[in-house]
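Listed below, chain by chain, are the residues.
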Amino acid sequence: MVGIGGNRLAQLRQSAGYTQQAFVKAFRHEALRLGTDASLSVRQLRRWECETPPPLPHPSQQTVLEAMFGAPCTRWSSMFQTIACRCPCRSAIQKG
């Protein structure tokens, strides 16, 4: 079963022209560029795209995803709607 948030992530990935493997490679490249200690496997990406509800990414993964898609996660995916509540660093950024 495809989750609502995950389905949107898959749509964004596909519209950018990435296969799952290519997306993981681009994610690694972006994490290195940002100096962020974040990793992603094809298996994890598949979980984000297919599980209902999808697991939330770690804060460092959120940073990379936001850089790749050019928008805060909460704007493009309902799967991330609870991040601000669960992630103190995001709450501080939103308040500051």
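Residues numbered from 1 in each chain as written. Predicted model: local features only at pLDDT ≥ 70, side-chain atom pairs only at ≥ 80, totals over all residues. Heavy atoms only, no water.

A. Fine view of the overall build of the protein. If you tally the helices and strands in the protein, you get seven helices and zero strands. When the helices and strands of the protein are placed in sequence order, the string is α-α-α-α-α-α-α. Within the protein, contacts between residues at least 6 apart in sequence are counted, and of these 56% link residues at least 24 apart. (Helix = DSSP H or I, 4+ residues; strand = E, 2+ residues; numbered from the N terminus. Contact = heavy atoms within 4.5 Å.)

B. Local environment of the side chain of Glu30. For Glu30, the position within the fold is in helix 2 (residues 20-34). Other than its neighbours up to four places away in sequence, Glu30 contacts Val64, Ala67 and Met68.

C. Main features of the packing of aromatic side chains. Following the criterion strictly, the structure yields two aromatic pairs and no others. Each ring, one from Phe23 and one from Phe69, has its centre 5.9 Å from the other, and the planes form 20 degrees; the classification is stacked. Remark: Phe69 occurs in helix 4 (residues 59-69) and Phe23 occurs in helix 2; sequence separation between them is 46 residues. Taking the relative accessible area as the measure of exposure, Phe69 reaches 21% and is therefore partly exposed. Members of the aromatic cluster, connected to one another through ring pairs, are Tyr18, Phe23 and Phe69. (Phe/Tyr/Trp six-rings, centres within 6.5 Å; stacked < 30°, edge-to-face > 60°. Buried < 20%, exposed > 50% of the residue type's maximum accessible area, 1.4 Å probe, protein only.)

D. View of the packing of helix 2 against helix 3 (residues 42-50). Orientation of helix 2 relative to helix 3, taken along the N-to-C sense of each, is 110 degrees, at an axis distance of 9 Å. As judged from the angle between their axes, helix 2 and helix 3 are roughly perpendicular. Here helix 2 contributes Gln20, Gln21, Phe23 and Val24 to the contact with helix 3, which in turn contributes Val42, Leu45, Arg46 and Glu49. (Axes fitted to C-alpha atoms, helices over the stretch in contact; angles between N-to-C directions. Parallel < 35°, antiparallel > 145°, perpendicular 65-115°, else oblique.)

E. Examining the nonpolar core more closely. Among the nonpolar cores identified, the biggest contains 13 residues, and Phe27, Leu40, Leu45, Trp48 and Leu65 are the most heavily contacted of them. Top element by residues in this core is helix 2. It accounts for four residues. Excluding its chain neighbours within four sequence positions, the residues that come into contact with Phe27 are Ala38, Ser39, Leu40, Gln61, Val64, Leu65 and Met68. (Core = buried A, V, L, I, M, F, W, Y, C linked by side-chain atoms within 4.5 Å.)

F. A look at the side chain of Gln61. In this fold, Gln61 is placed in helix 4. Only 2.8 Å separates the side chain of Gln61 from the backbone nitrogen of His58, close enough to count as a polar contact. Not counting residues up to four positions away in its chain, the partners in contact with Gln61 are Phe27, Ala38, Ser39, Leu40 and Trp48. (Polar contact = N/O pair within 3.5 Å; in protein donor to acceptor, adjacent residues only side chain to side chain.)

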